[in-house]
Each structure stands twice: as C-alpha cells, then as structure tokens.
Amino acid sequence: MATPTSTQDLLKMENIPNKGRGLIATQDLKAGQIILTESPLLLYSASPLFTPTPSPYCHHCFRTLQPSQTFTCPSCSNYNFCSQKCLSIALNSSHSPWTCETLSHLQNPTSPLLEKPFELQVQARFIVAAYNIAIHTPSIIQTILSLHGDPNDHDSIVDNAKFLQSLISPFCPPNMNFSAELAAKLIAKERLNSFCLMEPYSPKGPQRSIKAYVIYHKATFFNHDCIPNACRFDYVENGEPGDEHNTDIVIRLIKDVDVGNEICISYFRINKDYLTRKRILMEDYGFTCACDRCKIEANWNEGENKSDLPHVIFLSKFVCDKENCAGTLAPLPPKDGEKSNVLECNFCGNLKVDSSA
Ligand SMILES: [Zn+2]
Ligand SMILES: [Zn+2]
Ligand SMILES: [Zn+2]
Ligand SMILES: [Zn+2]
C-alpha cells in the first residue's frame, strides 16, 4: 500500500508522568491517518532452532513460502527463501556467511541447545542476529542499546546470556568485543522492545502464533493503553518478493487525536479481559496499567449493565468479529482530507463499512 514519504514531524517524544518516554501528536490528527512507517532495526525468526518441520516462511522477508518457488541457502541447506532476490540479499545481510556458519553449529545434533526450552533456542537466534548486525552495521547495535530494558529486569537474563555466549564465542570474530555482558544487555532490550509478526490469519485456527520478532526504533516508544487510539499494520504477505519494505510497520490512528495528546497502541489483542491484561503487562512489561478502562474494570460488579460504558462501545466497534480473528479495526487513511468510513482489520485484513460514521 502507498505510504506517505514523511510522517516524522507528526510525533514528538516527551516524558509522560508515571510512564517514561512516550509519543505525542504535534498537530491535530485524523482517524485513519498513518502517523509512522518504519523499517526494522532487527528481525529474526521465532522458530526454535530444533523443530520437526522447517519454517514455512521465507527466512529473510517472512512471506509464506510457495513450495514451487523455494530457494535454499547453498551452504547450509537449512534455510529457505521466497525468491532469488531474498536469497541474494540475505546472503549479504541476515544470512551472512558468519550467521550461516554459526547457526549450523548451534543446530547440529550434538548442540547443547537441543535439550533446551524453545524460548532459549529463539534467544540464541536473536543473539546471532544481533551480533551479525554488530559485525555489518555497528551503529544499529548502538541504537538498540539505547532503548529501554536492563539485564536486572528479569532473573533469567544474565544466566541465559552467559550460557549463549559460551556457545557462540568460539565463532565470534576476534576484533569484536562480544561478551556475556553485551549479550545480557541485548536480551534485556529484546524483551521489552520486540514486536511480533504474526502467522497469517486463518478462520479455523490454529491459535495465532508468531513467525518472527522485530525491533523498530521509533515504534518501540508507543506506550500501551487498553483503549488505544492507534494500532499497527504490516503487509508482509502482500509485498513483492524481496521488497525491502515488506516488513515495515505502519501505525494508523483509530480515532482523531488532538495536538498534545499521547498516541498509544495496545501491546496485545484489545478484547482480553482485565485480569489477563494485568498479568501480561506485569509479567512481560513490568508495569500496572492505569488507563481509564482498567480503572473501571478493576471495580466492576457482576450483573451490572455495562453496555453504555465508553470502552464497551469502543470494543464493539473496533474489535474484528470475523471467526478466530479479534484483530483491531482502524479506518482507511483519509483521502483529500475526507475521513474514510471503511474500517480495515489489522490481522485478517477484512474491510467493513462503519455504519455509525
Ligand atoms: Zn522473501
Ligand atoms: Zn545457510
Ligand atoms: Zn489498561
Ligand atoms: Zn479481522
């Protein structure tokens, strides 16, 4: 889809009381407006190193592979790509000779990772991807290290970093200062700043799962709200094979936002109940949400009539009702200054006329 060339000046970063950094509208903005389009700093597969079946996605752009058009890494034969173009780009970037060799060692049948939990196997992928970026584009690692997240945020970070570093260090180029301390810092950043690229929507399930993790520089500064005024889109499956913008994130407004107001997204599906949201936000992000919806739902009484509460009306309008979806709907971008009355789902892509607009 067409994206405006510059959305940069629509947002500015500010310190928000009790929240840390957040993004504020610098002008009045309209529902449907694209406020940010951004390419990944770092992108890596969510597939564990040891799985019975190979990933069905291109290992570079994460489009679904077509069996008749699959291009395999000539060195390791372990990784598949959707096109000659993706393979060529990957061999010079995300699947460089260093990455190919290091992953081959980590994935051989005697690897200590074989018996380890999937989560640690995916963390190994992340460290390899981050080190590969550090070797090729050191400035990106400095940017990632400037994001929020600290090794002391979670008990497992330092231990996991030491273990992974011990496996990867034999392959680290001697001139790079890769260490367990650096690995721990990177894992801490990854925990708090990753977005998920989801497997494509399917009406019959399975449960939606994640095909890749992505870190974006600016989008990571959107704070969470359980009634967000913006949501994210991606168009990985719609792009041309090997198009460098396939994995861009697009943030679009659900509602009008006045100048000076904060723009927030939800860090998960917006239809989750209060206790589930509370648990995820504490366990995964380390905070308690104090949004208007949480304040009301914390004190709900059973049997109360809730149908006229603002957030109940919001959910009935902006949660996609297609089977097994529950994505978030946002209006299409305004045309010639006119707001669109067509809502698009950010998960299944369904379009629906907003009869109340
Ligand atoms: Zn591809
Ligand atoms: Zn390879
Ligand atoms: Zn909340
Ligand atoms: Zn949907």
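Residues numbered from 1 in each chain as written. Chains lettered and ligands numbered in written order. Predicted model: local features only at pLDDT ≥ 70, side-chain atom pairs only at ≥ 80, totals over all residues.

For the rest of this paragraph, the subject is the overall build of the protein. On a plain count of helices and strands, the protein comes out with 9 helices and 15 strands. Here the C-alpha atoms of the protein give a radius of gyration of 21 Å, agreeing with the 21 Å that 2.2 N^0.38 yields for 357 residues. Taking the principal axes of its C-alpha atoms as reference, the protein extends roughly 60 × 45 × 40 Å. Of all 357 residues assigned to the protein, the portion counted as buried reaches 36%. Of the contacts made within the protein by residues no fewer than 6 positions apart, 66% connect residues no fewer than 24 positions apart. (Helix = DSSP H or I, 4+ residues; strand = E, 2+ residues; numbered from the N terminus. Rg over C-alpha atoms; globule rule 2.2 N^0.38 Å. Buried ≥ 20, exposed ≤ 12 C-beta atoms within 10 Å, placed from the backbone. Contact = placed C-beta atoms within 7 Å.)

Taken domain by domain, the protein comprises domain 1 (21-39 + 216-353) and domain 2 (42-195). For domain 1 and domain 2, the distance between their C-alpha centroids amounts to 29 Å. Listed per partner, the contact involves 13 residues of domain 1 and 16 residues of domain 2. For the side of domain 1 that touches domain 2, the class distribution of residues is 6 nonpolar, 6 polar and 1 charged. (Domains from an automatic or database assignment. Nonpolar A, V, L, I, M, F, W, Y, C, P; charged D, E, K, R; others polar.)

On average, residues of the protein score 92 in pLDDT, and 97% of them are at 70 or above. For residues 1-5, every residue scores under 50 in pLDDT, and the model assigns this stretch 5 contacts once sequence neighbours within four places are set aside. (pLDDT = per-residue confidence, 0-100.)

Looking now at the sheet that holds strand β14 (residues 342-345). The strands making up a sheet associate through backbone hydrogen bonding, with each pair oriented either parallel or antiparallel. Spatial ordering of the open sheet is given by β13-β14-β15, a layout of 3 strands whose pairing is antiparallel. Lying at the two open borders of the sheet, with one neighbouring strand each, are β13 (329-331) and β15 (351-353). Taken pair by pair, the neighbouring strands of this sheet meet at an average axis angle of 35°, ignoring direction. Note that β14 and β15 share 3 bridges and pair antiparallel. Pairing of L343 across the sheet is with K352, part of β15. (Pairing = 2+ DSSP bridges. Axes fitted to C-alpha atoms, helices over the stretch in contact; angles between N-to-C directions.)

Glancing now at the environment of T137. With respect to the helices, strands and loops of the structure, T137 is situated in the loop between α3 (118-136) and α4 (138-145). Separated by 44 residues in the primary sequence, T137 and S93 have C-alpha atoms spaced 9.7 Å apart.

Here we come to the nonpolar core. Burial of nonpolar side chains together is a common tendency in soluble globular proteins. Core analysis: the largest hydrophobic core is formed by 77 residues, its most contacted members being I35, L42, I127, A130, A230 and I263. Per element, the largest residue contribution to this core is 9 residues, and it comes from α3. Of the domains in this structure, domain 1 (21-39 + 216-353) and domain 2 (42-195) are the two that each give at least three residues to this core. (Core = buried A, V, L, I, M, F, W, Y, C linked by C-beta atoms within 7 Å.)

What follows is about the packing of helix α2 (residues 97-106) against α3. Between two packed helices, the angle of one axis relative to the other and the distance separating the axes together describe the packing. The interhelical angle for the contact between α2 and α3, taken along N-to-C directions, is 155°, at an axis separation of 10 Å. Here α3 runs roughly antiparallel to α2, going by the angle between their axes. When you trace α2 past α3, the crossing you get is right-handed. Contacts between α2 and α3 involve W98, T99, T102, L103 and L106 from the first element and A124, V128, N132 and I135 from the second. Broken down by class, the residue content of the contact of α2 with α3 amounts to 6 nonpolar, 3 polar and no charged. (Parallel < 35°, antiparallel > 145°, perpendicular 65-115°, else oblique. Left-handed = near helix turned anticlockwise from the far one by under 90°.)

In this section: α2. Buried residues of α2: T99, T102, L103 and L106, and no others. Down the axis of α2, the buried side of the element spans an arc of 100°, and every buried residue falls inside it. (Arc of directions from axis to C-beta.)

Turning our attention to unusual backbone geometry. With a phi angle near 65°, N18 is a residue other than glycine that sits in the positive phi range. One can find N18 in the loop between β1 (11-16) and β2 (20-25). In the Ramachandran plot, A326 falls in the positive-phi region, its phi being about 60° despite a non-glycine side chain. By the element assignment, A326 lies in the loop between α9 (310-318) and β13. Overall, the presence of 18 C-beta atoms within 10 Å leaves A326 in the partly exposed class.

Before going further, it helps to examine the sheet that holds strand β4 (residues 42-45). Strands sit in the order β4-β8-β7 across an open sheet of 3 strands; the sheet is antiparallel. Unpaired on one side and paired on the other, β4 and β7 (194-198) mark the two borders of the sheet. Sheet twist, expressed as the mean angle between neighbouring strand axes with direction ignored, is 25°. Bridge count between β7 and strand β8 (residues 210-215): 5 bridges; the pairing is antiparallel. For L197, the partnering residue across the bridge sits in β8 and is A212.

To continue, consider the environment of I187. Within the secondary structure layout, I187 lies in helix α6 (residues 180-193). The sequence separation of I187 and P151 amounts to 36 residues, and the corresponding C-alpha distance is 7.4 Å. When sequence neighbours within four positions are dropped, the list of residues in contact with I187 reads Q123, I157, N160 and A161.

Glancing now at the packing of helix α5 (residues 156-168) against α6. Relative to each other, α5 and α6 sit at 125°, their axes nearing to 8 Å. In terms of orientation, α5 lies oblique with respect to α6. As for the relative orientation of α5 and α6, their crossing is right-handed in sense. For the pair α5 and α6, the contacting residues are I157, V158, N160, A161, K162, L164 and Q165 in the first and A180, A183, A184, I187 and A188 in the second. Among the residues forming the contact of α5 with α6, the class breakdown is 9 nonpolar, 2 polar and 1 charged.

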